[in-house]
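Tertiary structure, described
Each chain, written out:
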Amino acid sequence: MLRIITDGAADFPDGWEEEFDIQIIPINIHFGEETYLQYVEMNLEQFYNKIDSGSVFPKTSQPSPHQFTEFYRTIAEEGDTILSIHVTSKLSGTYASAVIAANELKGKYNIIPVDSAGGSLGIAFMCRTARMMEREGKSVEEIVAHLESVRAKIQVILTLDNLEYARRSGRVGTLSAALASGLNVKPIAVLNDGVLNMVEKVRTRKASLERVLEMGKEAFGDQPVHMGVVNARDPESAMNLLGEAKKLFNHKDVVQSDLSVSLAINLGPGTVGLVLYPAE
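For every chain, the first residue of the written sequence is number 1, and numbering continues from 1 onward in sequence order. For a predicted model such as this one, the threshold for reporting local features is a pLDDT of at least 70, and the threshold for listing and counting side-chain atom pairs is 80 or more; totals across whole chains, interfaces and linings nevertheless cover every residue. Neither water nor hydrogens contribute to the side-chain values; these are computed over all heavy atoms in the structure.

1. Topic: the layout of surface pockets
Approximately 370 Å³ is the volume found for the largest pocket. Around the largest pocket, the lining comprises 21 residues; the ones closest to its centre are F12, Y39, L44, S257 and D258. Secondary structure elements follow DSSP: runs of H or I of four or more residues count as helices, runs of E of two or more count as strands, with numbering from the N terminus. Every element with two or more residues in the lining of the largest pocket is listed here: α1 (16-19) and β12 (250-258). Nonpolar residues are Ala, Val, Leu, Ile, Met, Phe, Trp, Tyr, Cys and Pro. Charged residues are Asp, Glu, Lys and Arg, and all others, Gly as well, are polar. When grouped by side-chain class, the residues that make up the lining of the largest pocket number 10 nonpolar, 6 polar and 5 charged. Space inside and on the surface of the protein is sampled on a 1 Å grid over the protein atoms alone, with a cavity defined as a set of points where a 1.4 Å probe fits but cannot get out and a pocket as an open set with protein on both sides within 12 Å along at least 5 of 7 lines; lining residues have an atom within 4 Å of a point. Grid points are joined across faces, edges and corners, and a volume is the space filled by probe spheres set on the points.

Structure representation (structure tokens):
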């Protein structure tokens, strides 16, 4: 049996985990000396409430190899194939932990770690594709080959409400130029080739959302896409972005999701983004 798992850096629309039988290994959320397991001990609402009520800046860490081995044992039976699709290895050690655990469990399970080279809804689209291909009778080798061919084409374009969280996290590349202009800008970040970089900055929220759409259009034109919008505590902006995106893109389907804790910590509340996945 093929098990598909991912990690807490993936953003899933409501119902996808059940519909496509996807398991999620939680990340670790740290507030000072306190550590919480994502989804298990702290959900998204509790995360934001704790940010509101405290002065400690949160951090995250990837699941350890031990956490992976225990998770694999929990969700699979010996002899199963496990397709383990994870957040970009250039920003997180999650994929490396999965590789170590896969080697430790070799002979009991056929574990195939895959570096998504991305995150957010991009991973969710990859997981859905994997399950749909499996249901169509494709082999796991065909599935992995397809995922590896498509990952570089996925566009994740995000606009931040401010730079404070990105400055504190230190996870976002090419940040110094944006900081030099002051924190009162609306930066645009693109997750490309596994790295999250600030690529542009504009002065207003409206202009940043318009630029996100323009950049998506520049990347895909009229090509058919699966399209999604994510947000961190700004559903109104997400709805506005989605409404405009529907007019612009040749979309096969449209989904929405909250931005996961791992990205919200690095980018901050108010982040809104567009995710485009090739519809081949």
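2. Describing the environment of E34
Along the chain, the position of E34 falls in strand β4 (residues 34-37). Buried, partly exposed and exposed residues are distinguished by accessible area as a fraction of the type maximum, computed with a 1.4 Å probe on protein chains only: under 20%, between the cut-offs, and over 50%, respectively. What makes E34 partly exposed here is its relative accessible area of 38%. Taking the C-alpha atoms as reference, E34 lies 11 Å from T60; in sequence the two are 26 residues apart.

3. Regarding the side chain of S208
If you trace the backbone, S208 turns up in helix α9 (residues 205-220). Within 3.5 Å is the distance limit for a polar contact, defined as a pair of N or O atoms, with the added protein rule that one can donate a hydrogen and the other accept it, and that residues adjacent in sequence qualify only through two side-chain atoms. In terms of polar contacts, S208 uses its side chain to reach the backbone carbonyl oxygen of R205, at 2.7 Å. The contact rule is simple, with two residues in contact once any of their heavy atoms fall within 4.5 Å. Not counting residues up to four positions away in its chain, the partners in contact with S208 are T159, K186, I188 and V202.

4. A closer look at the nonpolar core
Think of a nonpolar core as a cluster: buried Ala, Val, Leu, Ile, Met, Phe, Trp, Tyr and Cys residues, connected wherever their side-chain atoms sit within 4.5 Å. Core analysis: the biggest nonpolar cluster contains 58 residues, and I4, F12, I29, F47, L83, I85 and L147 have the highest contact counts within it. The residues touching L83, leaving out its near neighbours within four places in the chain, are L2, R3, I4, I5, I112, V114, A130, V140, I143, V144 and L147. Formed by 19 residues, the second largest nonpolar core is a distinct cluster that contains L209, L241, L242 and F249.

5. Quick notes on the packing of aromatic side chains
Centre distance within 6.5 Å is the pairing criterion for rings of Phe, Tyr and Trp, where only the six-membered ring of Trp is used; planes under 30 degrees apart are then read as stacked, over 60 as edge-to-face, and the remainder as tilted. One pass over the full model with this rule turns up 8 aromatic pairs. Relative to Y72, the ring of F68 has its centre 5.6 Å away and its plane inclined at 45 degrees; by these criteria the two rings are tilted. Residue F68 and its partner Y72 are located together in helix α3 (residues 65-75), separated by 4 residues, close to a single helical turn. Ring pairing ties together the aromatic residues W16, F20, F125 and Y277, which thus form one cluster. Charge over a ring is defined by NZ of Lys or CZ of Arg lying within 6 Å of the ring centre and within 35 degrees of the ring normal. Taking the ring centre of F31 as reference, the NZ or CZ of K50 above it sits at 5.5 Å. For the cation-ring pair, K217 lies above F249, with the distance from its terminal atom to the ring centre recorded as 5.6 Å.

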